[in-house]
Amino acid sequence: MFQNRREGLALALPAAVFACVVFLVPVAILLSEGFRGAAGFSLTPYVEFFSSPLNRAVFLRTLKLGALVTLVAAVIGYAAAYAIVNLSPANRGRVFGLVVLPLMISPVARTYAWLVILGRTGFVNQALTLVGLTDEPIRFLFTETAVFIGLLQLFLPLMIISLISALENMPRDAVPAARVLGASWLQVFTRVILPLTKEGLVIGGTLVFTGSLTAYITPAILGGSKVLMLETLLYQRVTVANDFASAAVIAMILIVMSFSANLLLKRLARARGR
């Protein structure tokens with residue numbers, strides 16, 4: 001397409017410079033605030049952050065919910081993706097469209113819908129009261145359960161799409177051959193499907209885990225001030241306390257957690273492949 005490599009690089013240079021100026025430079029400046037002490041470079045902001053019981057509790061809650069959402073999304077995603085892949089081409093397209101449809105709706109609207117569903121007079125409480133399982137409404141909102149449900153519904157399509165792509169690239173005769181040789185469905189999944197779709201799991205797991213860590217709207221609406229997560233704590237530190245040093249520490253923690261999750265999933269996939 002280009003006569004030489006320099007022409008392609010020259011055309012890409014303005015976009016690269018623009019991305020660096022408007023994205024990388026501000027992020028680098030923000031993150032540098034977390035290493036700035038009274039005498040220059042210092043890790044004191046990180047020590048002070050983790051010395052607070054509240055901050056440690058928020059960190060562990062964020063990590064727990066992110067891991068739990070990713071695990072449940074993987075379990076549901078494999079079942080849904082395998083069922084979709086085995087449909088007829090016409091039905092597969094329709095069902096795949098239903099999976100993609102929630103991604104076309106604003107996360108704000110999708111999250112506010114859970115306020116109606118999980119509220120004291122919502123569908124869930126009305127159903128529980130109708131069948132006689134409870135005499136008074138149960139408080140679902142502003143709990144970890146509500147945040148978990150909201151995050152799972154928000155990012156589950158990403159896991160399903162990643163696994164569908166991986167399953168479509170898997171040899172069609174792999175599962176029937178394993179079944180003919182006497183493998184149980186559990187052995188088929190652990191020894192055939194999982195190793196052959198590990199790349200899709202790594203991609204989907206990274207997207208779901210990273211999204212769960214960095215999502216702000218869902219924890220803020222469904223968790224409120226009672227279920228703080230790192231992203232809502234970061235917002236409070238910037239807008240309420242005007243504490244950019246703590247905000248930079250939280251931002252760095254989120255970045256490290258996201259990259260660590262991706263590396264861990266890749267390592268587990270390589271170990272499983274061997």
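Residues numbered from 1 in each chain as written. Predicted model: local features only at pLDDT ≥ 70, side-chain atom pairs only at ≥ 80, totals over all residues. Heavy atoms only, no water.

Chemist: In this structure, what is going on with unusual backbone geometry? I would like to understand it.
Modeler: Across the chain, the bulk of peptide bonds are trans and the bulk of non-glycine residues have phi less than zero. Although it is not a glycine, Phe-142 sits at a positive phi angle of roughly 60 degrees. By relative accessible area, Phe-142 is classed as partly exposed at 36%. Here the phi dihedral of Asn-242 falls at roughly 55 degrees; this positive angle occurs in a residue that is not glycine. Here Asn-242 is to be found in the loop between helix 12 (230–239) and helix 13 (244–273). For Asn-242, a relative accessible area of 53% corresponds to the exposed category. (Buried < 20%, exposed > 50% of the residue type's maximum accessible area, 1.4 Å probe, protein only. Helix = DSSP H or I, 4+ residues; strand = E, 2+ residues; numbered from the N terminus.)

Chemist: Looking at this model, I keep getting lost on the packing of aromatic side chains. Mind explaining?
Modeler: In this description, a pair of aromatic rings is defined by centroid distance and the angle of the planes. Under the definition given, this model contains four aromatic pairs. Here the aromatic rings of Phe-50 and Phe-59 are separated by 5.5 Å at their centres, their planes lie at 85 degrees, and the arrangement is edge-to-face. The exposure class assigned to Phe-59 is buried, which follows from its relative accessible area of 19%. Centre to centre, the rings of Tyr-78 and Phe-189 are 4.9 Å apart; their planes meet at 90 degrees, and the pair counts as edge-to-face. Note that Tyr-78 is positioned in helix 3 (residues 53–85) and Phe-189 in helix 9 (residues 185–196), a separation of 111 residues in sequence. One aromatic cluster is present, built from ring pairs that chain together Phe-49, Phe-50 and Phe-59. (Phe/Tyr/Trp six-rings, centres within 6.5 Å; stacked < 30°, edge-to-face > 60°.)

Chemist: Just to check I follow, could you spell out the pattern of salt bridges for this structure?
Modeler: A side chain with one charge can pair with a side chain of the opposite charge if their charged atoms come near. Overall, the coordinates contain two salt bridges when judged by the stated rule. When the shortest N-O distance is used, the salt bridge between Arg-61 and Glu-144 registers 3.0 Å. Residue Arg-61 is located in helix 3, and its partner Glu-144 is located in helix 7 (residues 144–168); the two are separated by 83 residues in the primary sequence. With relative accessibility at 18%, the residue Arg-61 sits in the buried group. Looking at Glu-144, the relative accessible area reads 27%, which means it is partly exposed. Glu-144 is the partner of Lys-64 in a salt bridge, and the nearest nitrogen-oxygen pair spans 2.8 Å. Of the two residues, Lys-64 sits in helix 3 while Glu-144 sits in helix 7, which places them 80 residues apart along the sequence. (Salt bridge = Lys/Arg side-chain N within 4 Å of Asp/Glu carboxyl O.)

Chemist: Just checking my understanding: could you explain the packing of helix 3 against helix 7 for this structure?
Modeler: Relative orientation of the contacting elements helix 3 and helix 7 amounts to 40 degrees, with a least axis distance of 6 Å. As far as their axial angle goes, helix 7 and helix 3 are oblique. You can see that helix 3 and helix 7 cross each other, and the crossing is right-handed. (Axes fitted to C-alpha atoms, helices over the stretch in contact; angles between N-to-C directions. Parallel < 35°, antiparallel > 145°, perpendicular 65-115°, else oblique. Left-handed = near helix turned anticlockwise from the far one by under 90°.)

Chemist: Can you help me understand the environment of Phe-209 in this one?
Modeler: On the secondary structure map, Phe-209 appears in helix 10 (residues 198–214). Considered as a pair, Phe-209 and Ser-258 are 49 residues apart in the sequence and their alpha carbons are 7.3 Å apart. With near-sequence residues (within four places) excluded, Phe-209 lies in contact with Leu-63, Gly-66, Ala-67, Thr-70, Met-257 and Ala-261. (Contact = heavy atoms within 4.5 Å.)

Chemist: How should I be thinking about the domain arrangement of the chain in this particular structure?
Modeler: Interface extent is often summarised as the accessible area lost during association of the parts. According to the domain assignment, the chain consists of domain 1 (1–42) and domain 2 (54–273). With centres defined by C-alpha atoms, the gap from domain 1 to domain 2 works out at 31 Å. Facing the five residues of domain 1 at the interface are seven residues of domain 2. Roughly 490 Å² is buried in total at the junction of domain 1 and domain 2, and carbon and sulfur atoms are behind 88% of that figure. By the criterion of area lost to domain 2, the three top residues of domain 1 are Leu-30, Leu-31 and Glu-33, representing 71% of everything that side buries. For the interface between domain 1 and domain 2, the tally reads zero salt bridges. In this assembly, domain 1 and domain 2 are joined by zero residue pairs in polar contact (both at pLDDT 80 or more). Residue composition of the side of domain 1 that touches domain 2, by class: three nonpolar, one polar and one charged. (Domains from an automatic or database assignment. Buried area = accessible area lost by both parts, 1.4 Å probe. Polar contact = N/O pair within 3.5 Å; in protein donor to acceptor, adjacent residues only side chain to side chain. Nonpolar A, V, L, I, M, F, W, Y, C, P; charged D, E, K, R; others polar.)

Chemist: In this structure, what is going on with the nonpolar core? I would like to understand it.
Modeler: Across soluble globular proteins, you tend to see nonpolar side chains buried next to one another. If you look at the biggest cluster of nonpolar residues, it comprises 41 residues, and the most contacted ones within it are Val-147, Leu-151, Val-188, Ile-193 and Leu-222. For this core, the secondary structure elements donating two or more residues are helix 3, helix 5 (107–118), helix 7, helix 8 (174–180), helix 9 and helix 11 (217–223). When residues of this core are assigned to their parent elements, the largest contribution, 13 residues, is made by helix 7. With residues near it in sequence (within four places) discarded, Leu-222 still touches Thr-111, Trp-114, Leu-115, Leu-141, Phe-142, Thr-143, Ala-146, Val-147 and Gly-150. Counting residues in each nonpolar core, the second largest holds 18 residues, with Phe-59, Leu-213, Ile-250 and Ile-253 among its members. (Core = buried A, V, L, I, M, F, W, Y, C linked by side-chain atoms within 4.5 Å.)

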